[in-house]
Amino acid sequence: MKLVVAVVQDQDSSRLSTALMKNNFRATKLASTGGFLKSGNTTFMIGTEDHLVDKALKVIDESCRSREQMVAPVSPMGGNADSYIPYPVEVEVGGATVFVLPIEQFHQF
Amino acid sequence: MKLVVAVVQDQDSSRLSTALMKNNFRATKLASTGGFLKSGNTTFMIGTEDHLVDKALKVIDESCRSREQMVAPVSPMGGNADSYIPYPVEVEVGGATVFVLPIEQFHQF
Amino acid sequence: MKLVVAVVQDQDSSRLSTALMKNNFRATKLASTGGFLKSGNTTFMIGTEDHLVDKALKVIDESCRSREQMVAPVSPMGGNADSYIPYPVEVEVGGATVFVLPIEQFHQF
Ligand code: NI
Ligand code: NI
Ligand code: NI
């Protein structure tokens, strides 16, 4: 058994939950903030057999992979709105930081 | 030292807290949701010496063990209340998912 | 790679966040309560290379070390306020409980 700990952005959290369930992984979600990724993230704890760790990592990668997203910029506060051309901006979203921890014992009561 | 991580249902959380304290275990509770158990659960992190791991597991088992509970069913919405016989229903509650993790260092500052 | 898990008092949480960032450590914060320390604490998860574990521990120690603090006592409820001399009282605050866990795999997606 391994414990897979994955810190993901909130916006990918429900997609990851669904993908994990579809693949028969059971996860516990912990509310978390800051640090590894921009603010607003969720920490998943996924207990899994050794031979399924790679599959769990693949599910996390596919659900949360870091990618570019076009975002419409907010118009400048108090700026000259007439001369302002709102080019959409590319920002990086998503991404996951994942730790695979060894487990010495696993119990279900 | 080991780190015992236990995911338990909210309804067993305060009983487990009390039982751990009475047995001189120190625990940190993390708010958590979904997954291993039905929604509304708490994750306990319990740091303990190796030779007390079995005792910690026994305390968790006794406080949170999965068991049947009789629940009075809600009467059917818009149904014929006169012909409705509210048989109590047996549901499974409680239960704990427990991981015992190795610790390489333990510090108190 | 190691996973450093540190449970600290809320009052030291933002100082620790700042100190970790200044030292290029990345951390995820989990809301947590009770147990290891008096109520109101935060659990930091810090992923770090093996050779930087000692530095991380030093940052945690310096930001959160247990220390004495003078606190003005509240005047006694319903007591004789005229004869009450509010000696400040020394209480222990801060402190951190830290676990260093081995990591088998580390991934960034
Ligand atoms: Ni299998
Ligand atoms: Ni002992
Ligand atoms: Ni290095």
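Right above here is the structure, for reference.
Keep in mind it's a predicted model, so treat the numbers as computed, not measured.

1. Concerning empty space enclosed by the protein
- Under the criterion given, the structure shown has one cavity of 30 Å³ or more.
- In this structure, the largest cavity encloses a volume near 150 Å³.
- The wall of the largest cavity is formed by 17 residues, among which Val5 and Met45 of chain A, Met45 of chain B together with Val5 and Met45 of chain C lie closest to the centre.
- At the level of secondary structure, the elements contributing two or more residues to the lining of the largest cavity comprise strand S1 (2–9) and strand S3 (41–48) of chain A, strand S1 (2–9) of chain B together with strand S1 (2–9) and strand S3 (41–48) of chain C.
- When grouped by side-chain class, the residues that make up the lining of the largest cavity number 15 nonpolar, two polar and no charged.

2. Here we look at the pattern of salt bridges
- All told, the structure shown has 18 salt bridges over all chains when counted by the stated rule.
- Note that Asp50 of chain B is salt-bridged to Lys2 of chain B, the shortest N-O span being 3.6 Å. Of this pair, Asp50 of chain B sits in the loop between strand S3 (41–48) and helix H2 (53–64) while Lys2 of chain B sits in strand S1, and the two are 48 residues apart along the sequence.
- Judged by its relative accessible area of 44%, Asp50 of chain B is partly exposed.
- Each of the salt bridges in this network shares a partner with another, and the network as a whole consists of Lys2 and Asp50 of chain A together with Glu104 of chain C.

3. Comments concerning the environment of Val5 of chain B
All names here are of chain B.
- By the secondary structure assignment, Val5 is in strand S1.
- On the accessibility criterion, Val5 (5% relative accessible area) is buried.
- The sequence separation of Val5 and Phe99 amounts to 94 residues, and the corresponding C-alpha distance is 5.1 Å.

Definitions and limits used
Residues numbered from 1 in each chain as written. Chains lettered and ligands numbered in written order. Predicted model: local features only at pLDDT ≥ 70, side-chain atom pairs only at ≥ 80, totals over all residues. Heavy atoms only, no water. 1 Å grid on protein atoms, 1.4 Å probe; cavity = no way out; pocket = protein on both sides within 12 Å on 5 of 7 lines; lining within 4 Å. Points joined across faces, edges and corners; volume = space filled by probe spheres on them. Helix = DSSP H or I, 4+ residues; strand = E, 2+ residues; numbered from the N terminus. Nonpolar A, V, L, I, M, F, W, Y, C, P; charged D, E, K, R; others polar. Salt bridge = Lys/Arg side-chain N within 4 Å of Asp/Glu carboxyl O. Buried < 20%, exposed > 50% of the residue type's maximum accessible area, 1.4 Å probe, protein only.

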